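Single-letter residue listing:
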Amino acid sequence: MKLFLNWLDDRTGYRDLMHEALREHIPGGARWRYVWGSTLTFVFMVQVVTGFALWAGYSPSSGTAWESVYYIQHEMTLGSVLRGVHHFAAQAMVVLMAVHLMQVVIDGAYKAPREMNFWLGLVLMQIVLGLGLTGYLLPWDQKGYYATRVATEIMGSTPGIGPQIQQLAQGGPSYGHHTLTRFFALHAGILPALLVAFLALHIYVFRRHGITAKQPYRKPDSEFWPDQVLMDAVACLAILATLLLLAVWKGAELSAPANPASGFSAARPEWYYLFLFRFLKFGWVSHAGEVTGLGEAFGAVVLPGILMTIIALMPFIARVKGGHKFNVGFLVLVVLGSVGLTGVALYEDWIADTADGRSFRAAVAQAHKDGQRAVALSQAPAGIPPEGAISLLLNDPLTQGPRLFQTRCSDCHRWQGQDGLGNDVVQIDESALDAPAKPVAAKAPDLATFGSRAWIKGLLSNFAEHMKSTENATVMAEKARELPGGTMAEWSKENSAALNSEANKASFEAIVEFLYTQSGRSDALPQNDPKVLAGREIFQSGKLADGELTTACADCHTMILPGETEPLSASGEPILTGYGGKDWLKQMLLNPDAHYGESNAMPAFHGQLSDHELDMITRWIIGEYYLPPEEPTKESPTTE
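Note that this is a predicted model, so its numbers are computed, not measured.

Cut-offs and rules
- Residues numbered from 1 in each chain as written.
- Predicted model: local features only at pLDDT ≥ 70, side-chain atom pairs only at ≥ 80, totals over all residues.
- Heavy atoms only, no water.
- Helix = DSSP H or I, 4+ residues; strand = E, 2+ residues; numbered from the N terminus.
- Rg over C-alpha atoms; globule rule 2.2 N^0.38 Å.
- Buried < 20%, exposed > 50% of the residue type's maximum accessible area, 1.4 Å probe, protein only.
- Areas by Shrake-Rupley, 256 points an atom, 1.4 Å probe, with all protein chains shown as cover.
- Lys, Arg positive; Asp, Glu negative; His and termini not counted.
- Charge placed at Lys NZ, Arg CZ, Asp CG, Glu CD.
- Salt bridge = Lys/Arg side-chain N within 4 Å of Asp/Glu carboxyl O.
- Polar contact = N/O pair within 3.5 Å; in protein donor to acceptor, adjacent residues only side chain to side chain.
- Contact = heavy atoms within 4.5 Å.
- Axes fitted to C-alpha atoms, helices over the stretch in contact; angles between N-to-C directions.
- Parallel < 35°, antiparallel > 145°, perpendicular 65-115°, else oblique.
- UniProt positions renumbered as here; feature names shortened; annotations may be inferred.
- Phe/Tyr/Trp six-rings, centres within 6.5 Å; stacked < 30°, edge-to-face > 60°.

### Digging into the overall build of the chain
Move 1: If you tally the helices and strands in the chain, you get 27 helices and four strands.
Move 2: Over its C-alpha trace the chain gives a radius of gyration of 34 Å, far above what one expects of a compact globule, namely 26 Å for 640 residues.
Move 3: In terms of principal-axis extent, the alpha carbons of the chain reach across some 105 × 70 × 45 Å.
Move 4: When each of the 640 residues of the chain is scored for burial, the buried share is 46%.
Move 5: Summed over its atoms, the accessible surface of the chain is roughly 32,400 Å², and 62% of this surface lies on carbon and sulfur atoms.
Move 6: Separation between the mean location of the 48 positive side-chain charges and that of the 62 negative ones in the chain comes to 14 Å.

### Quick notes on the side chain of Asp141
Move 1: Mapped onto the elements, Asp141 comes out in the loop between helix 6 (115–137) and helix 7 (142–156).
Move 2: There is no salt bridge for the buried Asp141, and the closest opposite charge comes from Arg83, which lies 5.2 Å off by N-O distance.
Move 3: There is a polar contact of 3.1 Å between the side chain of Asp141 and the side chain of Ser255.
Move 4: Look past the residues within four positions of Asp141 in its chain and what remains in contact with it is Trp66, Glu253, Leu254, Ser255, Ala256, Pro257 and Ala258.

### Structural notes on the packing of helix 6 against helix 13 (residues 297–312)
Move 1: Between helix 6 and helix 13, whose axes approach to 10 Å, the crossing angle comes to 150°. Here helix 6 is positioned roughly antiparallel relative to helix 13, judged by the angle of their axes. For the pair helix 6 and helix 13, contact is made by Phe118, Trp119, Leu122, Met125 and Gln126 and by Met308, Ile311 and Ala312, respectively.

### A short note on the UniProt feature "domain: Cytochrome c" (unreviewed entry) in the chain
Move 1: Under the UniProt annotation, the feature "domain: Cytochrome c" (unreviewed entry) is placed at residues 396–519 and 530–625.
Move 2: In residues 530–625, helix accounts for 39% and strand for 0%; the two terminal C-alpha atoms are 29 Å from one another.

### Brief notes about the packing of aromatic side chains
Centre distance and the angle of the planes are the two values used to describe a pair of aromatic rings.
Move 1: Applying the stated criterion across every chain, the model contains 25 aromatic pairs.
Move 2: Measuring from ring centre to ring centre gives 5.3 Å for Tyr145 and Tyr175, while their planes differ by 80°; the resulting arrangement is edge-to-face. Here Tyr175 lies in the loop between helix 8 (162–170) and helix 9 (177–209) and Tyr145 lies in helix 7, a separation of 30 residues in the sequence.
Move 3: Judged by relative accessible area, which is 2%, Tyr145 ranks as buried.
Move 4: The interplanar angle of 55° and the centroid separation of 5.2 Å between the aromatic rings of Tyr272 and Tyr273 together place this pair among those described as tilted.

Here it is as C-alpha cells:
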C-alpha cells in the first residue's frame, strides 16, 4: 500500500493537496461555531447528487413535467425519498445561509481584509435564493405554478427594466412552456454553475486570509484536521439525518397539475419569501408606492434593495467607531423583522378567522385533495393519457362535480350540509369590521343522498320534513314554499303510518327498490327481480301487504320502464321514467318544468351549463366516477 501511495503521490501530488486542505491553522482551536460554512457546502453537494438523480427522471415541458415528477414520486424506487431530500435540503440551505451570515457578522469576519469574501458570500446567497425560486416551479403543479407567478410579478415591478426582466424569465408575455424550460435551464445549469464558480472563489479567498477566530481563545491553536473536521462531519451527519427523517416522514408534496384556467386563492411564495409577501400587504407600503410613483416596486425592490446595500456596505461601516455594533444590531433587526413578518403571514393564513384566512385554508385543502385525486387517477388502469394528467382532473366527475355544485347549486342546496367542496356556506357582514361569519340556511334539500334508497324513503314517508328547507327559498319562492304543504306532502302524511308499519315493511322496501331500480345505478337490482316486480305492482295498484295506499303512485306520475313501449302510467308529474339516473337528472336540470309541471320550483339551467359540465355534475351526484380499488370501498353517497 505504501508503495502504491508513494507512486500515486509522485504522479498526482495529492499529499500536498491534502496538506493544504487539512492543515489550516485555527487560532484558539476547533469550535462548533465554525461548522456552518462546511455544512452549507455539504448540503449543496447533497443538492447536486440528488439533483442529478432527479434529472434522470424529469422531463421539462408543460405537458410532461408533472407527469415525470409523479413518476419519480410514486413509481421510481426510492424516488419519493430522493425528492424529499432534495426538497428539504433546498430549504436547509436557506436556514444555514442565514445562520452563517449571522455568525460571520457577529464574529467580524466581514471586516478588512475579508471584504471581498463577504461580498462573494452575499452573491452566493442570491444564487441560493434563485435556485429555490426556479426549483419551486419545476413540478408544474398548482402550488408551485401560482407561487412562482407571485414571485415573478414582484420581479416585474422593478423600476424601468422590471417588465423586460419578467418577460425574459417567463419566456414571453405570459406563463407557459417556455417559462418552465427557462426555469429549468436556470435551476439545473446556469445557477449551479455560477454557484460552483463563486463558491470556489469564496473558499479560495477564505483560505487566503484564514479563519476569523472568535476571541478570547479558550483552547490552544490547532489545525483543521482532525478536531474541526470531526465537528464538521458530526454537523453534516446531523443535517443529513434530519433531511432523511423529513423526507420519509413528511415528503415533498405534489399538488394537482397546474391549471392556468383555474384560479388559486392560496398562491404564496415559498416560506423564505413570505416576509416580503406580507410586507407588501401593509397599507402604508402601497401608499408610499403611490406617492413615489414606484408602485409595488417601492416595497418589493427599493426597500429590500436599500437593506441589501446596507449589508453590503458593512465592511466600510465597521471602520467607523461603533460601526461593528451597528452592523450586528442592524442584521439582528432585519432577521427579527423577517421572522416576525413570516410569523404574521403564517398566522393570518393558518389560524386567523378571517375571510382571507378561511379562503386560503380552503384552497390549500382543495389543492391537497386534488393532488391526491390526480395521483389516484394516474394510477388507474387507463393511466395518464397523451393529453397529460391535467385532462384526468378536467374530465373527472369527482373533481369537477363539487366545483360546479358550489358555483351553480350551493346558493340553495347543500351537500352534506356544505357547499360541495367541504366549506360551510356563510354570510359575512362587510359593513361590520371583523364580524364573524354567519351560516346561511339552505333553501332546498341536501343532495348528498339524492336518488338513493334513503332519499326515496324520506320522500314517501315524510315529504314535508324532506322539503322543509324550501321554506327559506328566495328564487321561485312562492312555489317552493308550497312544497312542504302540497299534494305530495299530504299524501305522505296520510300514508306514512301504513308504510312504516311492521306489517308493510317488505312492501315499503319493494316500492323503494322499484323506484331506485329506475336510476340504473350499478348497485340497483334488475327490473325482473322479484322484489322489484313486487314494488311495480304496488306502484300500479297501491295495494300493500296490509291495506293499501290512499292513491297509487301510477295515478299521479308518468313512468315508462326500460325496454317497454307501453307506459306503466301515462300522466302526471314529476315524471319518474329513469328517476334518479343520469339522464333523468340531466333533463330535470335543463327543463325542470317538463318534469315537475306546475309545481316546479327549480330554475332551469338550459344554456347555463355546457354538455361537459352537465355530464360532470350529474355523474358526480349519482356517484359515477372512478375509485381506486386499494381504498376501502366507498359506497356511493347517493346510495343507501
